[in-house]
Amino acid sequence: MGKGNRPRSDRPKRRSFTPEYKLAMVEAYDAATESGAKGALLRREGLYHSHIIEWRKARDAGALNALAAKPSGPKPRKSETDRENERLRERAEKAERELAKTKAALEIMGKAHALLELLSESAETDAPRKK
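What counts and what doesn't
Residues numbered from 1 in each chain as written. Predicted model: local features only at pLDDT ≥ 70, side-chain atom pairs only at ≥ 80, totals over all residues. Heavy atoms only, no water. Phe/Tyr/Trp six-rings, centres within 6.5 Å; stacked < 30°, edge-to-face > 60°. Helix = DSSP H or I, 4+ residues; strand = E, 2+ residues; numbered from the N terminus. Buried < 20%, exposed > 50% of the residue type's maximum accessible area, 1.4 Å probe, protein only. Patch = residues over 30% accessible without salt bridge, like charges linked within 9 Å, V, L, I, M, F, W, Y side chains within 5 Å. Areas by Shrake-Rupley, 256 points an atom, 1.4 Å probe, with all protein chains shown as cover. Salt bridge = Lys/Arg side-chain N within 4 Å of Asp/Glu carboxyl O. pLDDT = per-residue confidence, 0-100.

**Brief notes about the packing of aromatic side chains**
And then number 1: Under the counting rule described, the total for this entry stands at 3 aromatic pairs.
And then number 2: The interplanar angle of 65° and the centroid separation of 5.2 Å between the aromatic rings of Phe17 and Trp55 together place this pair among those described as edge-to-face. Pair noted here: Phe17 is in the segment before helix H1 (19–31) and Trp55 is in helix H3 (residues 49–60), with a separation of 38 residues, a long-range link.
And then number 3: Relative accessible area serves as the criterion here: at 13%, Phe17 is assigned to the buried category.
And then number 4: Members of the aromatic cluster, joined through ring pairs, are Phe17, Tyr21 and Trp55.

If you want it as structure tokens, here you go:
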């Protein structure tokens, strides 16, 4: 299947911005002083005010790396041993949950058995004796 034949290949791609572009846009936005200049900048660049707010926070925090576009694309593949470890961990957690349920059920059954014995003994001592 070629690139053009993929599902949704006709849809626009999500834009990503370089850190330099983000810093330039924040500086240009902050420098705009005329009435309507900030809105015109946003419209011309196809940005939202929330972009500027987010980029300004990242700039002020000194996180230049935070301004870099988030990595996209396929996630790195896990190794076979990692997948096996994850599967075994999930299996162990499930077994522990089932064991906890079983222990709780046995405890309840033991208490119910003791209660029935107590009631049975009590009924025998309270019942009138036949001659």
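**Focus: a nonpolar patch on the surface**
And then number 1: There is a patch of nonpolar side chains on the surface, built from Leu115, Leu116, Leu118 and Leu119 and spanning about 420 Å² of accessible area.
And then number 2: Looking at the element boundaries, Leu118 is found in helix H4 (residues 80–126).

**A short note on the confidence of the model for the protein chain**
And then number 1: Averaged over all residues, the pLDDT of the protein chain equals 83, while 83% of them reach at least 70.
And then number 2: When pLDDT is averaged over each element of the protein chain, H4 comes out on top at 92 and H3 at the bottom at 87.

**Description of the pattern of salt bridges**
And then number 1: On inspection of all chains with the given rule, the structure shows 8 salt bridges.
And then number 2: For Arg56, the salt bridge is made with Asp30, and the minimal N-O distance between the two is 2.6 Å. With Arg56 in helix H3 and Asp30 in helix H1, this residue pair connects regions lying 26 residues apart in the sequence.
And then number 3: Its salt-bridge partner being Asp30, residue Arg59 comes within 3.6 Å of it at the nearest N-O pair. Taken together, the residues span a long stretch of sequence, with Arg59 in helix H3 and Asp30 in helix H1 at a distance of 29 residues.
And then number 4: Taking the relative accessible area as the measure of exposure, Asp30 reaches 34% and is therefore partly exposed.

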